[in-house]
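Residue-level listing of the chains:
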Amino acid sequence: MGNRLLCLGLLTALLGYCIYTPIPEDVAQPGTVMLLSAALRALERLSEAAELLGLNYMESMGLLTVAMLVPPTSDENVTVTDTKLSNVPVRLYLPRRAPGGLRRAMLFFHGGGWCLGDAGMHDHDLVSRRISNELDAVVVSVNYRLAPPHHFPAQFDDVYSVTKFFLQSQVLAQYGVDPARVCVAGDSAGGNLAAAVAQQLLEDPEVKTKLKAQVLIYPALQALDMNLPSYQDNANKPILSRSLMVRFWSEYFTSDPALRKAMASNTHIPAEAGHLLQFVNWSRWLPAEMRGARTYSTPAVGSSELGQRYPGFLDPRASPLLASEARLRGLAPAYILTCEHDVLRDDGVMYAARLRAAGVPVTHHHARDAFHGAMTFISWPFELALGHRLLNTCMDWLRENL
Ligand SMILES: *[C@@H]1O[C@H](CO)[C@@H](O)[C@H](O)[C@H]1NC(C)=O
Ligand SMILES: *[C@@H]1O[C@H](CO)[C@@H](O)[C@H](O)[C@H]1NC(C)=O
C-alpha cells in the first residue's frame with residue numbers, strides 16, 4: 001500500500017514537473033492559462049514519447065487539430081463552404097446579407113508552425129465568421145499543405161497561388177469584391193506566410209491588384225538568430241516554448257534532426273549568410289526597453305553545409321525579415337500584434353521597425369500582458385478576456401483600414 005502510494009506520489013510529481021509552466025504575473029485568468037498550457041505540454045511530452053516508439057512527432061501533435069475541427073456550417077449571417085481555389089483546399093466565408101456595394105476581402109492563413117492547424121479549427125472558424133459578418137468581407141481561409149511530409153516552399157506556394165488566383169479581376173468580380181479592399185492576414189506561422197506573400201506580390205509582374213493591408217498576428221519572421229532577447233526571456237512561457245519553435249522552424253525545411261540540433265544551439269548560420277545578420281541585429285532594431293541590460297554580440301557563423309542543404313531558412317519567402325530594405329519599400333500598410341511573453345516578440349517588433357524605416361505605414365500593437373497564441377482563445381473551455389480584447393482591437397483597426 002505504502003509503496004503504491006509512493007509510486008503514485010512520484011508519478012504525480014513527475015507529471016506535474018513535465019507539464020508545469022510558470023505563468024507570468026501580469027497575465028490574467030492564470031488558472032485557465034495554466035490548464036491550457038499544461039494540456040499542450042502534456043501533448044508535447046506524449047508526442048515525444050510516441051516518437052521514441054517510432055511514431056511521427058507531428059502526427060501525434062496533430063491530434064490536437066483533429067480534436068478541434070468543426071464542419072463547414074453556415075449560419076444566419078455567413079455561408080460557409082469547404083472548396084478549392086487554384087486547386088488548394090480553402091474554407092470560404094461569404095456574407096449573406098444583401099451587399100451594399102462591393103465587399104472587402106481577407107485571405108487568411110492559420111497558424112500552427114507550418115506543421116499543424118486547419119482553417120476548420122473551432123477558434124479559427126469563429127474568427128473568420130466574425131470578420132466575414134462584422135466587416136462584410138469575403139474570407140478565404142487557406143488549408144495549405146503541412147510539414148511533414150510537405151516542406152518549404154509547399155506551404156508558401158499554396159497560399160501564394162490561392163492569393164494570386166483570387167486577386168484576378170474576374171475572380172474578384174465574381175465574389176463582388178472591391179479590388180482596393182483586399183488584405184492578407186495570419187497568426188504565427190500564418191503571419192509569416194502573410195508577410196511573405198505581401199512581399200512576393202510586389203515583385204510579381206502578373207499581379208495588378210495591390211493589397212490594402214497586411215495583418216500579422218504574433219508572426220514568425222526569421223530563422224537566422226534563434227537567441228534574440230525574446231527567445232532567451234520567453235523560452236518556457238505558455239503555449240510556445242523555444243524548443244517547440246525551433247522544432248517548427250526546422251521541420252518547415254526538413255525532417256533531418258541535424259538542422260533542429262544546430263538551430264537549438266544557434267550554430268546553423270553559414271558564413272555566407274553573414275550579410276543577412278544586419279537585418280536581425282537587435283541592437284539596432286529593438287527599442288532600448290526590450291534590449292534591456294544585454295549587450296549585443298554577433299551570432300557565430302559556421303560551416304556552409306546546412307545552408308547549402310536547406311537554403312530555405314535564408315530565403316525571404318520563409319524569413320521575410322531577411323528581405324533588403326529595397327524589397328520592403330512600397331509594401332501594404334501593416335498591422336502587427338506582438339506579445340511580451342512570446343519567443344516571437346522580437347521578430348514582430350523588428351519587422352515593425354524595418355518596415356517603418358522603409359517608409360511603410362505600421363500600426364504596432366504590443367500587448368504587455370499577453371503570450372503567444374492568445375488571440376485564438378475566445379471560446380469554451382479556454383476562453384480568455386485577453387483573447388477577445390486582442391481580437392476586438394484588431395477588428396477595430398480593420399474597420400478603419402480595410
Ligand atoms: C448574426 O449577426 C448579428 C449582427 O451582427 C449578431 O448579433 C448575431 O449574433 C449573428 N449570428 C450568429 C449566429 O453569429
Ligand atoms: C549591429 O548594430 C549595432 C548598432 O547599430 C552596430 O554597431 C553593429 O555593427 C551591428 N552589427 C552587425 C553584425 O550588423
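Residues numbered from 1 in each chain as written. Chains lettered and ligands numbered in written order. Predicted model: local features only at pLDDT ≥ 70, side-chain atom pairs only at ≥ 80, totals over all residues. Heavy atoms only, no water.

1. Observations regarding the site of ligand 2
Around ligand 2, the structure places Q278, N281, S283, R284 and T298. Between an oxygen atom of ligand 2 and a side-chain N or O atom of N281, the distance comes to 2.3 Å. Burial of ligand 2 by the protein amounts to 46% of the accessible area it has alone, namely 370 Å². Residue classes in the shell around ligand 2 are distributed as no nonpolar, 4 polar and 1 charged. (Near = heavy atom within 4 Å. Polar contact = N/O pair within 3.5 Å; in protein donor to acceptor, adjacent residues only side chain to side chain. Areas by Shrake-Rupley, 256 points an atom, 1.4 Å probe, with all protein chains shown as cover. Nonpolar A, V, L, I, M, F, W, Y, C, P; charged D, E, K, R; others polar.)

2. Re the site of ligand 1
With respect to spatial proximity, the complete set of residues near ligand 1 consists of D75, E76, N77 and N133. In this structure, an oxygen atom belonging to ligand 1 sits 2.5 Å away from a side-chain N or O atom of N77. At 3.1 Å from an oxygen atom of ligand 1 is found a side-chain nitrogen or oxygen belonging to N133. Of the residues in the shell around ligand 1, the class split is no nonpolar, 2 polar and 2 charged.

3. So, the pairing of strand β5 (residues 177-187)
Among the 11 residues that make up β5, 8 are buried, leaving the element largely enclosed by the rest of the structure. Where strand β3 (residues 103-109) lies against β5, 6 bridges are found, and the strand directions are parallel. When the sheet's bridge partners are listed, F108 is paired in β5 with A185. One ladder, built from 5 bridges, connects β5 with strand β6 (residues 213-217); its direction is parallel. Paired with A185 across the two strands is V215, which belongs to β6. On the question of chirality, the crossover connecting β5 to the parallel β6 by way of helix α8 (residues 189-202) is right-handed. (Buried < 20%, exposed > 50% of the residue type's maximum accessible area, 1.4 Å probe, protein only. Helix = DSSP H or I, 4+ residues; strand = E, 2+ residues; numbered from the N terminus. Pairing = 2+ DSSP bridges. Right-handed = clockwise from strand over helix to strand, strands pointing away.)

4. Notes on the environment of R317
With respect to the secondary-structure elements, R317 resides in the loop between α14 (305-309) and α15 (325-328). It is 19 Å that separates the C-alpha atoms of R317 and M263, two residues lying 54 residues apart in sequence. Ignoring any residue separated from it by four or fewer positions in sequence, one finds R317 in contact with F152, P153, F156, A196 and Q200. Side chain to side chain, R317 and D315 meet in a polar contact 2.8 Å long. (Contact = heavy atoms within 4.5 Å.)

5. Description of the nonpolar core
Within soluble globular proteins, side chains that are nonpolar tend to cluster in buried spots. Ranked by size, the top nonpolar core spans 93 residues in total, and within it F109, V140, F166, M245, W249, F253 and Y351 carry the most contacts. Examining the composition of this core, we find that 8 residues originate from one element, α8, more than from any other. Two domains each donate at least three residues to this core, and these are domain 1 (28-64 + 223-312) and domain 2 (69-222 + 324-401). Formed by 41 residues, the second largest nonpolar core is a distinct cluster that contains M106, V127, I239 and I378. (Core = buried A, V, L, I, M, F, W, Y, C linked by side-chain atoms within 4.5 Å. Domains from an automatic or database assignment.)

6. Concerning the UniProt feature "domain: Alpha/beta hydrolase fold-3" (unreviewed entry) in the protein chain
With numbering aligned to this structure, UniProt lists the feature "domain: Alpha/beta hydrolase fold-3" (unreviewed entry) at residues 106-265 and 314-375. Here residues 314-375 runs as 27% helix and 29% strand, with 29 Å between its end C-alpha atoms. (UniProt positions renumbered as here; feature names shortened; annotations may be inferred.)

7. A look at the pattern of salt bridges
By the definition in use, this model includes 23 salt bridges. Residue R129 pairs with D75 through a salt bridge whose shortest N-O separation is 3.1 Å. Here the residue R129 occupies a position in helix α5 (residues 122-134), and D75 occupies one in the loop between α4 (63-67) and β1 (78-85), the gap between them amounting to 54 residues. The exposure class of R129 is buried, given its relative accessible area of 13%. According to the relative accessible area criterion, D75 is partly exposed, its value standing at 26%. Put simply, D75, D82, R91, D125 and R129 are held in one network by salt bridges that share partners. (Salt bridge = Lys/Arg side-chain N within 4 Å of Asp/Glu carboxyl O.)

8. Regarding the domain arrangement of the protein chain
Examined at the domain level, the protein chain breaks down into domain 1 (28-64 + 223-312) and domain 2 (69-222 + 324-401). Summarising the inter-unit geometry, the C-alpha centres of domain 1 and domain 2 are found 23 Å apart. Residue-level contacts link 45 residues of domain 1 with 42 residues of domain 2. Across the domain 1 to domain 2 interface the summed buried area is about 3600 Å²; carbon plus sulfur atoms make up 71%. Summed over the three residues of domain 1 that lose the most area to domain 2, namely Y252, W285 and M290, the buried surface amounts to 21% of that side. If you look at where domain 1 meets domain 2, you find 0 salt bridges. Where domain 1 meets domain 2, there are 12 residue pairs in polar contact (both at pLDDT 80 or more). (Buried area = accessible area lost by both parts, 1.4 Å probe.)

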